[in-house]
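Overview (structure and organization)
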Amino acid sequence: MVSSEYERKIAARFATFDQDGNGWIDRADFDAAAKAVLAEFGVAARSDRGQSLYAGAEAFWQGMAGMADRDGDQRIGREEFVTGAVKRLRDNPERFAEIARPFLHAALAVADSNGDGAATVGDTTRALRALGVPEGVARTTAAALDGDRDGRIGETDIVPAFARYFTVPE
Ligand code: CA
Ligand code: CA
């Protein structure tokens, strides 16, 4: 039997990807995510960091579509998400980390105000909020990402944590 806790988690993960909330995950959602992060940090879309973020979002979308868009209509419905994405993510979290990495790398560069290769807990909270994560959850998540409590969050903290979040145990 599938637990309601499991279904609740799946619904939450789907909603995170479905940025515009229209019931489908498609390229527009990934564009919206990139746009929201850039707006939050006042970074221009045409800048190098802006272009990298859009390129990362496109690669992320292509990777997700490759895993889950079974009927090839360029959008991932709830059913495709559950039968395609969730199962594959669980079977292969490394693959998921791989497709998400360029986007996360670029997002970190946008949030990294002093260019030292890491973002502060506060900046990470802002980035998560920009992606639609509620304030309280964003703050707790960012704090948890800073495992060694030095106040800095780098790519090696973010990528595995992201993959873990989307690897929903049954
Ligand atoms: Ca959508
Ligand atoms: Ca589809």
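All of the points below concern the structure found in this document. Bear in mind that the values here come from a model prediction, so they are computed numbers and not experimental data. (Residues numbered from 1 in each chain as written. Chains lettered and ligands numbered in written order. Predicted model: local features only at pLDDT ≥ 70, side-chain atom pairs only at ≥ 80, totals over all residues. Heavy atoms only, no water.)

A short note on the coordination of the calcium ion (ligand 2)
Binding of the calcium ion (ligand 2) to the protein goes through D69 (OD), D71 (OD), D73 (OD), R75 (O), E80 (OE) and E80 (OE), at separations of 2.2 to 2.6 Å. Of note is the calcium ion (ligand 2), whose six donor atoms meet at the metal with angles of 52 to 156° in an arrangement that counts as irregular. Positions of the donor residues of the calcium ion (ligand 2), expressed as sequence spacing, correspond to D-x1-D-x1-D-x1-R-x4-E. Look at R75 and you get partly exposed, because its relative accessible area is 32%. (Donors = N, O, S within 2.8 Å, 3.2 Å for Na, K, Ca; no water. Tetrahedral: all angles 85-135°; square planar, octahedral: opposite > 155°, others 65-115°. Buried < 20%, exposed > 50% of the residue type's maximum accessible area, 1.4 Å probe, protein only.)

Things to note about the nonpolar core
Within the largest apolar cluster, 45 residues are counted, with the highest numbers of intra-cluster contacts made by F17, L53, F60, M64, F81 and F96. Those elements that provide at least two residues to this core are helix 1 (4-17), helix 2 (27-41), helix 3 (48-68), helix 4 (78-91), helix 5 (93-111) and helix 8 (155-166). Residue contributions to this core peak at 11 residues, all from helix 5. Setting aside residues no more than four positions away along its own chain, L53 makes contact with A34, V37, L38, F103, A106, A107 and V110. (Core = buried A, V, L, I, M, F, W, Y, C linked by side-chain atoms within 4.5 Å. Helix = DSSP H or I, 4+ residues; strand = E, 2+ residues; numbered from the N terminus. Contact = heavy atoms within 4.5 Å.)

A short note on unusual backbone geometry
A positive phi is found at Q74, a non-glycine position, where the angle reads about 65°. You can see Q74 is positioned in the loop between helix 3 and strand 2 (75-76).

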